[in-house]
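Overview (structure and organization)
One letter stands for each residue in the lines below.
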Amino acid sequence: MCGIIGILGKNDVAPSILAGLKRLEYRGYDSAGVATVMTGQLDRRRAPGKLSALEAVMEERPLGGPTGIGHTRWATHGAPTKTNAHPHATERVSVVHNGIIENFAELRQELIDNGAVFESETDAEVCPQLITHYLETQNCAPAEAFHNAIKRMRGAFAFAAIFSGEDDLMICARKGSPLAIGHGDGEMYLGSDAYALAPFTNRITYLDEGDWAVIRRAGVDIFDNGGKKVLRPETISSASAGIVEKDGHRHFMAKEIHEQPEVVAHTISRYVDPVSKTIKLPDGAFDFAALDRLTISACGTAFYAGQISKYWFERWAKLPVEVDIASELRYRDVPYTPNGGALFISQSGETADTLAALRDAKSYGQKIAAVINVPESSIARESDIIFPIAAGPEVGVASTKAFTCQLVALACIAIAAGRARGILTLQDEIEIVGALLETPRKLSEALKASGSIEKIAHDIAKAEDILYIGRGVSYPLAMEGALKLKEISYIHAEGYAAGELKHGPIALIDENLPVVVIAPLDAHFEKTVSNMQELMARGGKALLMSCKKGLQQAGDGIWTSIEIPETDNMLAPIVYAVPIQLLAYFTATTKGTDVDQPRNLAKSVTVE
Ligand code: M6R
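Before going into details, it helps to say that this report is about the structure given with it. (Residues numbered from 1 in each chain as written. Predicted model: local features only at pLDDT ≥ 70, side-chain atom pairs only at ≥ 80, totals over all residues. Heavy atoms only, no water.)

Concerning the site of the ligand
Defined as follows: Here a residue is near a molecule or strand as soon as one of its heavy atoms is found within 4 Å of it. By the criterion applied in these results, polar contacts are pairs of N or O atoms within 3.5 Å in which, for protein atoms, one can donate a hydrogen and the other can accept it, and in which residues neighboring in sequence qualify only through two side-chain atoms. To be clear on the numbers: accessible area is Shrake-Rupley with a 1.4 Å probe, and residue cover counts the displayed protein chains and nothing else. Where each domain starts and ends comes from a domain assignment, either automatic or drawn from a database.
Looking at the ligand, there are 15 residues lining it, with Ser 346, Gln 347, Ser 348, Thr 351 and Glu 487 nearest. Between the ligand and Gln 347 there is a distance of 2.6 Å, counted from an oxygen atom to a backbone nitrogen or oxygen. Protein contacts shield 90% of the accessible area of the ligand, which totals 410 Å² for the unbound molecule. Taken domain by domain, the shell around the ligand gets at least three of its residues from each of domain 2 (251-437) and domain 3 (447-593).

Points about unusual backbone geometry
What counts here: The helix count covers DSSP runs of H or I at least four residues long, the strand count covers runs of E at least two residues long, and both are numbered beginning at the N terminus. Throughout, exposure labels follow a simple rule: accessible area from a 1.4 Å probe, protein chains only, divided by the maximum for the residue type, with under 20% read as buried, over 50% as exposed, and the rest as partly exposed.
Here the amide bond leading from His 86 into Pro 87 is cis, since omega sits at -5°, within 30 degrees of zero. Phi is positive for Thr 39, which is not a glycine, with a value near 40°. When you line up the elements, Thr 39 lands in the loop between strand S2 (31-38) and strand S3 (41-48). Owing to a relative accessible area of 71%, Thr 39 belongs among the exposed residues under this scheme.

Comments concerning the nonpolar core
Operational definition: What makes a nonpolar core is a set of buried Ala, Val, Leu, Ile, Met, Phe, Trp, Tyr and Cys residues whose side-chain atoms join them at distances within 4.5 Å. Every residue pair with non-hydrogen atoms within 4.5 Å of one another is taken to be in contact.
If you look at the biggest cluster of nonpolar residues, it comprises 98 residues, and the most contacted ones within it are Trp 312, Phe 313, Trp 316 and Tyr 468. Two domains each donate at least three residues to this core, and these are domain 2 (251-437) and domain 3 (447-593). Once residues lying within four places of it in the same chain are set aside, the contact partners of Phe 313 are Leu 294, Ile 296, Lys 318, Leu 319, Val 321, Leu 343, Leu 410, Ile 413, Ala 414 and Ala 417.

Details of the environment of Ser 452
With respect to the secondary-structure elements, Ser 452 resides in helix H16 (residues 450-460). In this structure, the C-alpha to C-alpha distance between Ser 452 and Ile 562, residues 110 residues apart in sequence, is 7.6 Å.

Concerning the pattern of salt bridges
Our working rule: Salt bridges are defined by distance alone: a side-chain nitrogen of Lys or Arg within 4 Å of a carboxyl oxygen of Asp or Glu.
The tally for this structure, following the rule as stated, stands at 31 salt bridges. Among the salt bridges present, the one from Lys 401 reaches Glu 259, with a minimum N-O distance of 2.7 Å. Of this pair, Lys 401 sits in helix H13 (residues 401-420) while Glu 259 sits in the loop between helix H7 (252-258) and helix H8 (260-271), and the two are 142 residues apart along the sequence. Considered together, Lys 401 and Glu 259 belong to a single accessibility category, that of buried residues. Its salt-bridge partner being Glu 494, residue Lys 486 comes within 3.9 Å of it at the nearest N-O pair. Overall, the relative accessible area of 28% leaves Glu 494 in the partly exposed class.

A few points about the packing of aromatic side chains
Threshold: Here a Phe, Tyr or Trp ring, Trp counted by its six-membered ring, pairs with any other such ring whose centre lies within 6.5 Å, and the pair is stacked when the planes are under 30 degrees apart, edge-to-face when over 60, and tilted otherwise.
The final tally for this structure, using the stated rule, is nine aromatic pairs. Plain terms: the ring middles of Trp 312 and Trp 316 are 5.8 Å apart, the flat faces sit at 10° to each other, and that makes the pair stacked. A residue pair is termed a helical-turn pair when its members lie 3 or 4 positions apart in one helix, as Trp 312 and Trp 316 do in helix H9 (residues 300-317) at four residues. Residue Trp 316 is classed as buried on the basis of its relative accessible area of 5%. Pairwise contacts between aromatic rings join Phe 146, Trp 212 and Phe 223 into one cluster.

Here it is, written out as structure tokens:
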């Protein structure tokens, strides 16, 4: 995680660096800093906390200079204090770092033995110290010292460095964490992504794995891992320079929840021909008829979207599917087959665990596809096929609209697979697509329950633990509900298969433990309601989510309920996601937590 920005400008660059950092705050927000070179001298400002704290510091003590780097941090090694905030520096060099240096402890000891004095607890500080070591003890030029230093470091990282006495120099390296170089008019830029650079330029060169680059105002020289000069293409980025606004909502999360009818409709329109009610996938998609196995992998909310889609691929396409969390997939001996495909799901397209799992599957010859929200991301660029979603920028750390859009794209892929494999008839396809086309309207209806959900959230906010249960497609949604609640309200929550309750978790049930029961009126409804009765018989408080008929059929004694529009059974998670998200949102606002930037988290998780 962590966001990096660098500018070789014509005037003082600190204000532009701060503007770029604002666009990178989604990568981490526990401390921030800026360093510049002014008339040959390095200087820096750093502050713990959100970027606003750094802005206040810089208002009091402005930083001049036309050459600078900035950083917004998500702590890995060392608490989020000012001393641990980047840039880390010696008198010779100032460095910002994203990622983890795995062998930092041995390097640090070696440097200390040679007389270096460290001020922070971070792994990152070994980088300026190592560069300084090569500058001073071996009289290396900056580029040589930088290259010598990165050769010594193991791990996944991105670095940017500026040097004292060098007003026209910035050196950077990419190994595992993305970096984009921006070309301006007599100015050059560096950022963790093209979005950060969008206010300055849309002319972007992405560094490849292992590349390092020497940037001057006149241009950039890029070198590969072995030090050979290489050419990387300049592309035109479509990232928008506009700042995403809350549009009158209190939080980005609220705005993003309410955008769902629109963005889900946009995503449907990418895959559905509304006249024939059939699916059209992008060219080059999987040959589903020949596919003998599909491995799906992702993290967090995207993983739960993948788990829901397993039910669709199996029902509609009779395709063997396995879903695993990306951080675990590589540690197994997955029996990949020559005709297998691998599908990765990621909102940001930068999640390090997902990217590593993708590379692993690729090394076994799997055709790689990605359901992705950011088309210029690393995962998109390393995939053979992209299935884009049209969620638009998602700013709130809790994923909401990306989840429902991922579900839409996955449903469309599963339907197409079903047709290609001869499991679904044209009539089946038309019927499922017809139901899918109704989801934007159902989402709008589901949003009308906001007021009643807010009232229920006042009680939920008093709980210390909450369970979510569901069956079939509602089971992964139960886990997604629990994730949503815990990440923004800090209330402990777990999602279970409803039938699993009696195998252990029912021991937790008492009058203080609310249980959210996700029960669309589908084939599993009666069984789920029986599980709910079992917990109510033990004094448990049930919050039932179902349609009007479901609520009528569920019997008495239920603590409270949320009415959801009637939906197609298989597609129900798309609509039931809304009350799940609203419940988490209002519980968090009742508790007064930081909804959009909850503690300890970051929007884009670029460390493993
Ligand atoms: O960008 P990605 O979709 O790859 O992110 C995956 C997870 O980190 C993400 O879904 C995370 O779990 C969210 N904060 C959940 O709301």
